[in-house]
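Now for the letters of each chain:
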Amino acid sequence: MREKQSKRGTLHQNHAVFRWRAHPALQGWAIRGSVILAILAYTVAFYACAWQPLSQAFQRPVRRFEMFPLVLLLDQIVSQWTGSHGKIALWDRIPALATAIIIVFSAFWWGQWLLSQLRIEDRLTHGEKGALAILTGLAVLSHLILMSGLAGLYWTRWLLRFWVAIPLAVAGLTLFRRLLFQRVPTPINAGLGWFTIWSHLKATERKHSADAATLTDAGIFLGSLVLFGVLLVLAAVLPPTDFDVREYHLQAPKEFFQMGAITFLPHNVYANMPLGAEMHALGAMVLLDDIWTGALAGKLIIGLYAVVGAWLVLAFTRRYFGSAAGLAAAGIFITTPWVISVSAAGLVDIAMSVMVFAGFVLTWETLVSEELSESGVRPLLPRSTAKSCPEPPRTVTGQVSSKPISQLSAMLAAGLLAGGTASIKYTGLVYSAVPTGILASQFLWKKTRNAKILTIGILFFIIGTGLAGGGWYAKNATLTGNPVYPLGYALFDGVNWDAGKAARWHRVHSPHDFSAFTLAKDLLRIALTSDWQGALVVPFAIVGIVRLRRNELALYMLLQTGWIFLTWWCFTHRIDRFWLPILPFLCVLCGAGFSALAKLRLMPLSRLVVVTGLVWSFLVVASGAAVYNRFFAPLDELWNDPERIGQEHILLNDLYSQLPQDAKLLCVGEAAVFDLRMPVSYATCFDDQPWERMTRGKTSTEIHHELKTHQVRYVYVNWLEIARYRSPGNYGFTDYVQPSQFRELVTAGVLVPVLIPPGTPNQVFLVK
């Protein structure tokens, strides 16, 4: 009896243990169910959470899903795109568009030539090569404009003529030879070509179903790339609305152009930091001899960084994860409202993000992937299966040469892109130069095991960084004594800077709360509640991370992402758009996640989430929530649009249209002065105020004489900005400026109030 009982107990115990590996079908259903629940939970949470931009505007909680009813009001949305009375004008954009296209094409030509001279283009696919050529060319051009501009813009004009003339001449000669010696394609031939491509896609769809490159998915993402690309270009070529753009991103090039040289600006601290992306606006101004058209061309070039970034994301993702993954990654990148909003506004954060990603791509392709291919490892596959498939992916076969390349050339090229990133912002040094240098040096050492070659390689990387970005740091070291002005005051001091200004700068530009709760809140903010986050980035990226958890490439991208996040969280004041350099890396993982969902046979869910997210992003962009959406309005109307610059700036421009050209405007508290057409004396909130310098300790008679000496005819006081600066936790503003000063000067007959539009506490005074 005891023996029977023990046997029964054993049988009962064996049946109680459920073995998942013995039931692959059930395991597959469990995985698919978990993925479905996770994606649906995030999607519901994303659209249900309060949306800060509109919540502030409407003074009530506004949920993201409240954008969807705008689909029924598309006619009203489109009516916002035109000018008054439905007027449409696009021809006035052509000079700016043509200038930007010529500069970008020239950058592409010179960048391609440079990559060929460095002998690294053989390691790149055609898509990677084109995007990296543009970014390398833009980085080199920006630095050349700086170096020539320091000597005077006369030299910059001749530099730009040479830079543009050579590629245009070569392209024109090439086109002429093709037209002369080759048959010109006819519409019938073109139609046959498109039919052949379509047939090939259908054959690929049937033969390689694992790639999930169906015409439906290709149509969705290609359509989104075209649609959002066009919207981005239309918005980027409009006059600026963002405060920072009107304060220094375009104001600094405008002042350099007016002064005839690039130099130190004591009244605008931001204009003395790296302005690599802004140099394209200065170059366009010099090339056209026109501030306003040149500014639009430069602003458009900043916006085109996003288009080139989508191109590079597509090419890189397609190389390792397939065509469907590449299209999905690029589509998710370009349709994320952050990308459109920042790029169209003229802000440089997406430009820096693309440069950070480009540095990683070039380093990986020229140093890392070669090492992996020689060891028989494919970054496409998990480590467990990689060694059984040493051959490259089908999409790369025949495009990438197997010839060895010079590791030192790769180090120099990586340094050029790292320097280009460091020339855009100081954070580019930490986001790109440091991790790219470490990654490149690590794999150079693993490949050579030679300390001498490693040392020379690091030296080449530093030289490349200096050639593409070092001029900004040398300029500041020469003109201010501080290479990272205004940072590092305790180490380097700096002209026109003191301990009080440095302390105030550090207080508002540094993080203060490092608690675990704040860390969790900021992670949640990036993943869910960030103002212009897209609905597709997080769910697809998480699926991609889980799918590629043993993938070499995914590991290094996650390390880069983690480095950028920690730098953002530990050393910056955690503004949302400062974490955007992680976005291209996440979008590559999104592409892998999209392909993984296809393998799990979850394409209906995937397409539903994608289409919903794309519709929401389109409504956000088209409605004007994320961008200035006067896409078709005449430029003459937009330059004087009160919704863009305010009635007071229009009034000031009207007042000065009847005054001598040398008459000046003195601004107090106002630093966004780009749209003002007259000479302006102003200062940012961190710099010494001209009003204080002219009036402190002086009588009314002496003040009147001082204003006349400096040819000041009007004084504009922006009390709203002053109050904002003085609000708790803000940048601060000198206590010297008070309303009583202006009342006393009005009583003394020095200033005369000017009637301004009602509803504002700001004031304009005529100097009598």
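Residues numbered from 1 in each chain as written. Predicted model: local features only at pLDDT ≥ 70, side-chain atom pairs only at ≥ 80, totals over all residues. Heavy atoms only, no water.

Per the secondary structure count, the protein includes 34 helices and five strands. Within the protein, the fraction of its 768 residues that count as buried is 54%. Taking the contacts inside the protein whose residues are at least 6 apart along the sequence as the reference set, 76% of them involve residues at least 24 apart. Put simply, the protein shows about 34,000 Å² of open surface, and 64% of that area lies on carbon and sulfur atoms. (Helix = DSSP H or I, 4+ residues; strand = E, 2+ residues; numbered from the N terminus. Buried < 20%, exposed > 50% of the residue type's maximum accessible area, 1.4 Å probe, protein only. Contact = heavy atoms within 4.5 Å. Areas by Shrake-Rupley, 256 points an atom, 1.4 Å probe, with all protein chains shown as cover.)

Our focus in this paragraph is a positive patch on the surface. Taken together, Arg-547, Arg-549, Arg-550 and Lys-599 make up a surface patch of like positive charges. Tracing the chain through its elements places Arg-547 in helix H24 (residues 537–547). (Patch = residues over 30% accessible without salt bridge, like charges linked within 9 Å, V, L, I, M, F, W, Y side chains within 5 Å. Salt bridge = Lys/Arg side-chain N within 4 Å of Asp/Glu carboxyl O. Lys, Arg positive; Asp, Glu negative; His and termini not counted. Charge placed at Lys NZ, Arg CZ, Asp CG, Glu CD.)

This part is about the packing of aromatic side chains. One pass over the structure, following the stated rule, counts 42 aromatic pairs. Measuring from centroid to centroid gives 5.1 Å for Tyr-248 and Tyr-270, while their planes differ by 20°, and the two rings are stacked. With a gap of 22 residues between them, Tyr-248 in helix H10 (residues 243–249) and Tyr-270 in the loop between helix H11 (251–259) and helix H12 (279–288) connect regions that are remote in the sequence. Of the aromatic side chains, those joined through ring pairs into one cluster are Tyr-248, Phe-264, Tyr-270, Tyr-485, Trp-497, Trp-505, Phe-686 and Tyr-731. One Lys or Arg, Arg-574, reaches over the ring of Phe-514 and ends 5.2 Å from the middle of that ring. Above the plane of the ring of Trp-639 lies Arg-677, whose end atom (NZ or CZ) is 5.4 Å from the centre. (Phe/Tyr/Trp six-rings, centres within 6.5 Å; stacked < 30°, edge-to-face > 60°. Lys NZ or Arg CZ within 6 Å of the ring centre and 35° of its normal.)

This next bit is on the confidence of the model for the protein. Chain-level statistics for the protein give a pLDDT mean of 87 and a share of 87% at 70 or above. Contacts for the low-pLDDT stretch residues 204–213, under 50 throughout, to residues beyond four places or in other chains number 15 contacts. Ignoring residues within four places in sequence, the model shows residues 371–404, a span with pLDDT below 50, making 60 contacts including any to other chains. (pLDDT = per-residue confidence, 0-100.)

Here we come to helix H27 (residues 603–622). Between its terminal C-alpha atoms H27 stretches 28 Å, which fits the 28 Å expected from 20 residues at 1.5 Å a residue. H27 sits mainly inside the fold: 14 of its 20 residues count as buried. With its phi angle positive at about 90°, Gly-624 sits one or two positions after the end of H27. (Expected span 1.5 Å × (residues − 1).)

Spatial ordering of the open sheet is given by S2-S1-S3-S5-S4, a layout of five strands whose pairing is mixed. Across the chains shown, the open sheet's two edge strands, defined by having one partner strand only, are strand S2 (680–681) and strand S4 (751–754). Bridge analysis of S4 against strand S5 (residues 763–767) gives four bridges, and the strand direction is antiparallel. Residue pairing for S5: Val-752 is matched across the bridge by Leu-766. Packed onto the sheet, helix H34 (residues 739–747) meets strand S3 (712–717), S4 and S5 and runs at close to 110° relative to S4. (Pairing = 2+ DSSP bridges. Axes fitted to C-alpha atoms, helices over the stretch in contact; angles between N-to-C directions.)

A separate point is the state of the cysteines. Across all of its chains, the model carries zero disulfides by this definition. Unpaired in this structure, Cys-590 has its nearest cysteine sulfur neighbour in Cys-587, at a distance of 5.1 Å. (Disulfide = S-S within 2.5 Å.)

Tracing the backbone through its elements, the reader meets Glu-721 in helix H33 (residues 719–726). Accessibility expressed as a relative area gives 13% for Glu-721, which makes it buried. For Glu-721, the residues in contact, after removing those within four places along its chain, are Phe-243 and Gly-669.

The subject of this paragraph is the packing of helix H14 (residues 323–335) against helix H26 (residues 583–599). For any two helices packed against each other, the geometry is given by the interaxial angle and the distance between the axes. As a packed pair, H14 and H26 sit with axes 7 Å apart at the nearest point and diverge in direction by 135°. By the angle class used here, H14 and H26 are oblique. Crossing of H14 over H26 shows right-handed handedness. For the pair formed by H14 and H26, the contact residues are Ala-324, Ala-325, Ala-328, Ala-329, Ile-332 and Phe-333 on the first element and Leu-583, Pro-584, Cys-587, Val-588, Cys-590, Gly-591, Ala-592, Phe-594 and Ser-595 on the second. Split by residue class, the contact of H14 with H26 holds 13 nonpolar, two polar and no charged. (Parallel < 35°, antiparallel > 145°, perpendicular 65-115°, else oblique. Left-handed = near helix turned anticlockwise from the far one by under 90°. Nonpolar A, V, L, I, M, F, W, Y, C, P; charged D, E, K, R; others polar.)

Our next topic: the nonpolar core. Formed by 223 residues in total, the largest nonpolar core has its most connected members in Phe-316, Trp-691, Val-715 and Leu-751. Ranked by residues supplied to this core, first place goes to helix H13 (residues 291–321) with 18 residues. If we ignore the near neighbours within four places in the chain, the residues touching Phe-316 are Glu-128, Phe-357, Phe-360, Val-361, Trp-364, Glu-365, Leu-553, Met-557 and Val-588. Within the second largest apolar cluster, 15 residues are counted, among which are Ala-663, Cys-667, Met-678 and Tyr-716. (Core = buried A, V, L, I, M, F, W, Y, C linked by side-chain atoms within 4.5 Å.)

So, on to H14. Relative to the 18 Å expected for 13 residues at 1.5 Å per residue, H14 spans 18 Å between its end C-alpha atoms, a close match to the ideal helical length. Every buried residue of H14 is listed here: Ala-324, Ala-325, Gly-326, Leu-327, Ala-328, Ala-329, Ala-330, Gly-331, Ile-332, Phe-333, Ile-334 and Thr-335.

Counted under the stated rule, the structure contains two cavities of 30 Å³ or more. Considering only enclosed or pocket space, the largest cavity measures out at about 50 Å³ in volume. If one sorts the elements of the lining of the largest cavity by residue count, helix H6 (residues 126–151) sits on top with four residues. The residue makeup of the lining of the largest cavity, split by class, is seven nonpolar, five polar and no charged. In this model, the second largest cavity occupies a volume close to 40 Å³. Surrounding the second largest cavity, Ile-332, Thr-335, Thr-336, Gly-534, Ala-535, Leu-536, Val-537, Gly-613 and Ser-617 form its lining. Among the secondary structure elements, those contributing two or more residues to the lining of the second largest cavity are H14 and H27. Residue composition of the lining of the second largest cavity, grouped by class: four nonpolar, five polar and no charged. (1 Å grid on protein atoms, 1.4 Å probe; cavity = no way out; pocket = protein on both sides within 12 Å on 5 of 7 lines; lining within 4 Å. Points joined across faces, edges and corners; volume = space filled by probe spheres on them.)

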